[in-house]
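Coordinate analysis (summary)
Read off the chains here:
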2 protein chains.
Amino acid sequence: MSDGGRQSSGEDLLFLTDDQLRKGIEAMFFAYRGFTADPDRILADKGYGRAHHRAIHFINRAPGTTVNNLLSILGVTKQSLNRVLRTLIEDGLVESRVGSRDKRERHLFLTEDGAALERELSTAQRERMRGAFRQAGPAAVSGFKQVLEAMMDAEMRRHYTRLKEHG
Amino acid sequence: MSDGGRQSSGEDLLFLTDDQLRKGIEAMFFAYRGFTADPDRILADKGYGRAHHRAIHFINRAPGTTVNNLLSILGVTKQSLNRVLRTLIEDGLVESRVGSRDKRERHLFLTEDGAALERELSTAQRERMRGAFRQAGPAAVSGFKQVLEAMMDAEMRRHYTRLKEHG
DNA sequence: ACTTTATGTCAGCCTTGTTGACATTCCAAG
DNA sequence: CTTGGAATGTCAACAAGGCTGACATAAAGT
């Protein structure tokens, strides 16, 4: 087995023991369920799933984004995304405009209805996050974000930081 | 819209602005992908999925647990869990023993092979977590756990804290 | 003209969630 | 003791949403 769990090196490394890491892993698992629970409930009522939420979220964040860009943010195949986008367009929540510069591209926008659903979902999710942040306090929130950022793959961190500095 | 985004109340509430919450939400989304990436790769090779990982993890954490208990931890239907357990049992990674007291119950254990896969998966996931923890430092890790715990539903927090204090 | 890029679509597969129906076992009330 | 309900777990069938592969179209780039 790995020697990663050793607890003495002269420095203060108690937070890197296997047991501490295990707690972090389980915290992440249980917390993610809470994180998605509220939007999931709203979506289930309307016959959508988490995939629709993700598409709506990032179209809202970067209106006019192309399918390809969305693909790279979401990390799914175009077939998979296309199925979701098709239903959102059919239902009038998303509008797809042919690019003016490059007519191969489709630029995606939320319609009024789409924006309304986005607000409903993000408000629910934000309230959960707000409760957790308030309870934990500003210092904890800062640590929370540091650890999460360090946990991302390089490409995801790229997307994250780009969106972070306003998109 | 909610007034949650206001930034002034006399106190230091800048960390609760809608924009800060949005960053937290996106951090959670991107980080969770990194969190599951390494085990997912290992599992795909062996023809298993994330659901198998979850079952293996919690059986390892609480050997002899019943199906019902596992159900409540995982938050899925018994039918869904059953399918996963069946393949794990068929493949000789998990052993299911009929309860001695109550013969309706099945008590679950990892076999040698099951324990070996568990180690492979948890080592990979722990290394990712270790890298993130090390990079962020002990204070950040403490905040990370505080926020995650505050984000859980009550029932999940029950499971989490029970497991936390060694199980 | 030819190739590459961006997108969409069809078909088919897998995992993993769901509900419904059913078997077994336990326990408690009559 | 029996019987009916509750708890536990299994089997079957369906849906969402991942995936791959093949192919069509249109626009750009060379």
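The preceding data block contains the structure.
Description of the structure in this document.

What counts, and where the lines are drawn
- Residues numbered from 1 in each chain as written.
- Chains lettered and ligands numbered in written order.
- Predicted model: local features only at pLDDT ≥ 70, side-chain atom pairs only at ≥ 80, totals over all residues.
- Heavy atoms only, no water.
- Pairing = 2+ DSSP bridges.
- Helix = DSSP H or I, 4+ residues; strand = E, 2+ residues; numbered from the N terminus.
- Contact = heavy atoms within 4.5 Å.
- Axes fitted to C-alpha atoms, helices over the stretch in contact; angles between N-to-C directions.
- Near = heavy atom within 4 Å.
- Polar contact = N/O pair within 3.5 Å; in protein donor to acceptor, adjacent residues only side chain to side chain.
- Parallel < 35°, antiparallel > 145°, perpendicular 65-115°, else oblique.
- Left-handed = near helix turned anticlockwise from the far one by under 90°.
- Nonpolar A, V, L, I, M, F, W, Y, C, P; charged D, E, K, R; others polar.

Looking at the sheet that holds strand β3 (residues 106-110) of chain A
Residue and element names in this part refer to chain A. Judged by pairing direction, the sheet is antiparallel, and its three strands sit side by side in the order β1-β3-β2 without closing on themselves. The open sheet has two edge strands, β1 (65-66) and β2 (94-98), and neither has a second partner. With two bridges joining them, β1 and β3 adopt antiparallel strand pairing. Directly across from T66, in β3, lies its bridge partner H107. Running over the sheet, helix α2 (residues 50-61) touches β2 and β3 and is turned about 100 degrees from β3.

Digging into the protein's contact with DNA strand D
Close to DNA strand D lie 24 residues; R54(A), R83(A), N68(B), K78(B) and N82(B) are nearest. Protein-proximal atoms of DNA strand D, defined as those within 4 Å of the protein, fall in sugar or phosphate at a share of 55%. S80(A) is positioned such that a nitrogen or oxygen atom in its side chain is 3.1 Å from a phosphate oxygen of DNA strand D. R104(B) is positioned with one of its backbone polar atoms (N or O) 3.3 Å from a sugar or linking oxygen of DNA strand D. Of all the secondary structure elements, the ones that give two or more residues to the surface near DNA strand D are α2 and α4 (78-90) of chain A together with α3 (67-74) and α4 (78-90) of chain B.

Some remarks on the packing of helix α1 (residues 18-46) of chain B against helix α5 (residues 112-136) of chain B
Residues and elements named next belong to chain B. Between α1 and α5, the least distance of the axes is 8 Å, while the angle of their chain directions is 155 degrees. As summarised for this structure, α1 and α5 are arranged roughly antiparallel, according to the angle between their axes. The hand of the α1/α5 crossing is right-handed. Here G34, F35, A37, D38, P39, R41, I42, L43 and K46 of α1 lie close against α5, whose contacting residues are L117, E120, L121, A124, Q125, R128 and M129. A breakdown of the residues in the contact of α1 with α5 according to their chemical character gives nine nonpolar, two polar and five charged.

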